[in-house]
Every structure is written in structure tokens, then in C-alpha cells.
Amino acid sequence: MQFYAGYGYHASNFEQTYRCYPASFFDKPHLEGGDKVIMPPSALDRLASLHIEYPMLFELHNGVTDRISHCGVLEFVAEEGMIIMPYWMMQNMLLQEGDIVRVKNATLPKGTYVKLQPHTTDFLDISNPKAILEKTLRNFSCLTTGDSIMVAYNNKQYYIDIVEAKPASAVSIIETDCEVDFAPPLDYKEPEKPQRPIVPAGKAPAEDQEAIVEDEPKFKPFTGSGKRLDGKGPKQPAPGASSAAAAARSAPSDSNKRANQQTASPSGASTSTRQKTGKLVFGSSASSKKEAEAQKDPAKGSEPPKKEEPKFNAFTGKSYSLKR
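Residues numbered from 1 in each chain as written. Predicted model: local features only at pLDDT ≥ 70, side-chain atom pairs only at ≥ 80, totals over all residues. Heavy atoms only, no water.

Asker: So what exactly am I meant to see when it comes to the pattern of salt bridges here?
Answerer: Opposite charge on two side chains allows them to pair when their charged atoms are near. All chains considered together, the criterion is met by 3 salt bridges. Among the ionic pairs, Glu 15 bridges to Arg 102, the shortest N-O distance being 3.2 Å. Of this pair, Glu 15 sits in strand E3 (residues 15-22) while Arg 102 sits in strand E8 (residues 100-106), and the two are 87 residues apart along the sequence. Its salt-bridge partner being Lys 166, residue Glu 164 comes within 3.9 Å of it at the nearest N-O pair. (Salt bridge = Lys/Arg side-chain N within 4 Å of Asp/Glu carboxyl O. Helix = DSSP H or I, 4+ residues; strand = E, 2+ residues; numbered from the N terminus.)

Asker: Is there a simple way to think about the sheet that holds strand E11 (residues 148-153) in this case?
Answerer: One key point about sheets: their strands pair by backbone hydrogen bonds, in either a parallel or an antiparallel sense. The 4 strands are arranged E11-E12-E9-E14 in an open sheet whose pairing can be described as mixed. Where the open sheet ends on each side, the last strands, each with one partner, are E11 and strand E14 (179-182). Shown here is a sheet whose adjacent strand axes are inclined to one another by a mean of 35°, direction ignored. With respect to the sheet, helix H3 (residues 129-137) is in contact with strand E9 (113-118), E11, strand E12 (156-166) and E14, its orientation differing from that of E11 by roughly 115°. (Pairing = 2+ DSSP bridges. Axes fitted to C-alpha atoms, helices over the stretch in contact; angles between N-to-C directions. Contact = heavy atoms within 4.5 Å.)

Asker: Explain the nonpolar core here, please?
Answerer: Nonpolar side chains in soluble globular proteins tend to end up buried together. Ranked by size, the top nonpolar core spans 42 residues in total, and within it Phe 14, Met 39, Phe 58, Ile 83 and Met 85 carry the most contacts. In terms of residues, this core owes the most to one element, E12, which gives 4 residues. When residues of this core are assigned to domains, at least three map to each of domain 1 (15-105) and domain 2 (113-182). Discounting chain neighbours no more than four positions away, the residues touching Met 39 are Phe 14, Tyr 18, Phe 58, Val 73, Glu 75, Phe 76, Val 77, Ala 78, Ile 83 and Val 103. Counting 5 residues, the second largest nonpolar core, distinct from the first, contains Ala 23, Leu 31, Ile 38 and Ile 84. (Core = buried A, V, L, I, M, F, W, Y, C linked by side-chain atoms within 4.5 Å. Buried < 20%, exposed > 50% of the residue type's maximum accessible area, 1.4 Å probe, protein only. Domains from an automatic or database assignment.)

Asker: Looking at this structure, I do not really get the side chain of Asn 92. What am I missing?
Answerer: Inspection of the secondary structure assignment puts Asn 92 in helix H2 (residues 87-92). In this structure, Asn 92 is in contact with Arg 67, Asp 147 and Ser 148, ignoring residues within four places of it in sequence.

Asker: Can you walk me through the packing of aromatic side chains in this structure?
Answerer: Any aromatic ring pair is given by two values, namely how distant the centres are and how the planes are angled relative to each other. All chains considered together, the criterion is met by 4 aromatic pairs. Summarising the aromatic geometry, the rings of Phe 14 and Phe 58 are spaced 6.1 Å apart at their centres and angled 70° between planes, so their arrangement reads as edge-to-face. In this pair, Phe 14 sits in the loop between strand E2 (9-10) and E3 while Phe 58 sits in strand E5 (residues 57-62), placing the two residues 44 residues apart along the sequence. Consider the rings of Tyr 21 and Phe 25, whose centres lie 6.3 Å apart with planes at 35°: the pair is tilted. Directly above the ring of Tyr 113 sits Lys 166, whose terminal nitrogen or CZ lies 5.0 Å from the centroid. (Phe/Tyr/Trp six-rings, centres within 6.5 Å; stacked < 30°, edge-to-face > 60°. Lys NZ or Arg CZ within 6 Å of the ring centre and 35° of its normal.)

The analysis is restricted to geometry; functional conclusions fall outside its scope.
Written out as C-alpha cells, the structure reads:
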């Protein structure tokens, strides 16, 4: 294995240490929307001499915290001994400005499944979060389990954790069909279910039985509909007729009430009370006088019997003949 002094390059692969700085230091804010870094021109010269598979992918290692991530490369225009990284990537690896990071070329399998978990529920409030995520991941070369990627939308930054990746913990997402699944956000809280009141064990069965008894329909006789032999529909009584007939049966008529009052009380008392009240009662005084006279003189009260009219007898006339 051949070693190049001063650069730390090996003949079989690329491996070098750089001091990292965020993209904001060099007025390159477009780096924050993806996972690509800017490396010095010497790295390009070394990579060109090696049989490196494209697209170029690299492994980033922080030896102090033992954090590992992966990235792609955008340009080779940085100063020698320096690497420019997105700030969110430095946060994942717990790197500060000027810290040492080891960069090594890597070959990653194409991803088939990725599970994501937003930090806040605000990301789900976006009108179409799936479309925003697909647009953002176009600027990414690879995903590493345990990283938190940043999605910028509508002047706001949303952070999403990479919970799981298949077929490996770090996968390439360039020109591949990858299934994406979402886990509940970190600040998501399930709605509390309403608690039922605690009922003693002895009362619960009795209440259930009462509820069952109340639900059972009561028997109502003579509620069916009648049918005629000639096929015509049954005659329906006019509304209110049955109720009026029942009221007439139950309530006595005014004439019956008056007759009962006359029979129950003396005739003189009844007439005097009616005259006092100012009501007109037709035929009451005359009938009472006639009854009194009939009781005193039964002969006057009785009318003479009518003569019986002769009954008609057929064929009782005289006969006449034309001959003399």
C-alpha cells in the first residue's frame, strides 16, 4: 500500500482530514438545502486517479464524539485543508467551526425503504408535505439513520429524523424508487379518551336489566289493518271521528243532564232556579203545569179516544151490467 506524505492519501481509497466551516461563512446559503459539501481542488486530483464510482459519496467521521454521517460533493473550490459543510450537518455530527473531520470515500447501496419522523406537528400542517419532502430530497445524495435533515419551506425550517433505512443504515437515494413512511411527530400527543364513571359491581347488572326491559317493545292489541273481500281498501274514518264518538259516549248529553236535574229536584225548585239565573227554558213551565193538572184531575187530563177509521176492503163495490 502506497502512502503519500503530507496528504494522508492511500493508493486504494481516498481518506483525508479537513477543518470544517459552515456555508454561511463563505456566502453559500444554497448548501443548506441538501447534503453536499465543498472540498479543495487537491481532493479532485486524487479522486480522479482512483477508480471511484459515481456519484461520489463520502463518509464523515468526528473522532471526538464518534459520530458518523454521509454526504455528497458539490464543488472542489474550497481552500486547501478546509471543507465547507451545511450547518445542519455540523449540528448532527456535533462539530464546531474549525473542528477536525475525517473524510473518506464510500459506496452505499440504493435505498428501498426510509422511515421519517418530524420534530413538530407543524410539518403536517403544510398543505402538501409529501410534495415538499420529495422536492427537498432531490438535493440529497444519501440518508443515514440517526441524522436529522432540514426541510426549508415558506421561510421556515423543519427538522426530520431518519428513524430507519433499508437495506442498510446508510443508503443512496439517487435514481432509485424508495418507499417513505412517517412516524408520529416527537411532540404529538394522543387525545385522551373520556373515562366512564365507575359503577359498583352489584349495581351494574341491575342497570343492564332495566335498560333491556325498557328497550323491549310493549304489546298493543288491535293495531293491525283490516282487509276487504272485494279487494278494495278499508274505509278510513275521518280524523277526529273516533275521538268525537268516544267523547260522546263518555260525556252525557245536555238533554239527559236536564232530565236528570228535573227528576232529581222538584218542579217548582227547578223552574225557580232557572228563572233566577236568567236562562230561557222552552216548555218547562207548560209541561209542569199540565203534569200538575193531570195529577189533580185525571178525567180532564185524558183525551177522548179517537174513532177508528174503517179499514179498506177490496172488491166490495156493486157490479153493473150493460144489458137491461
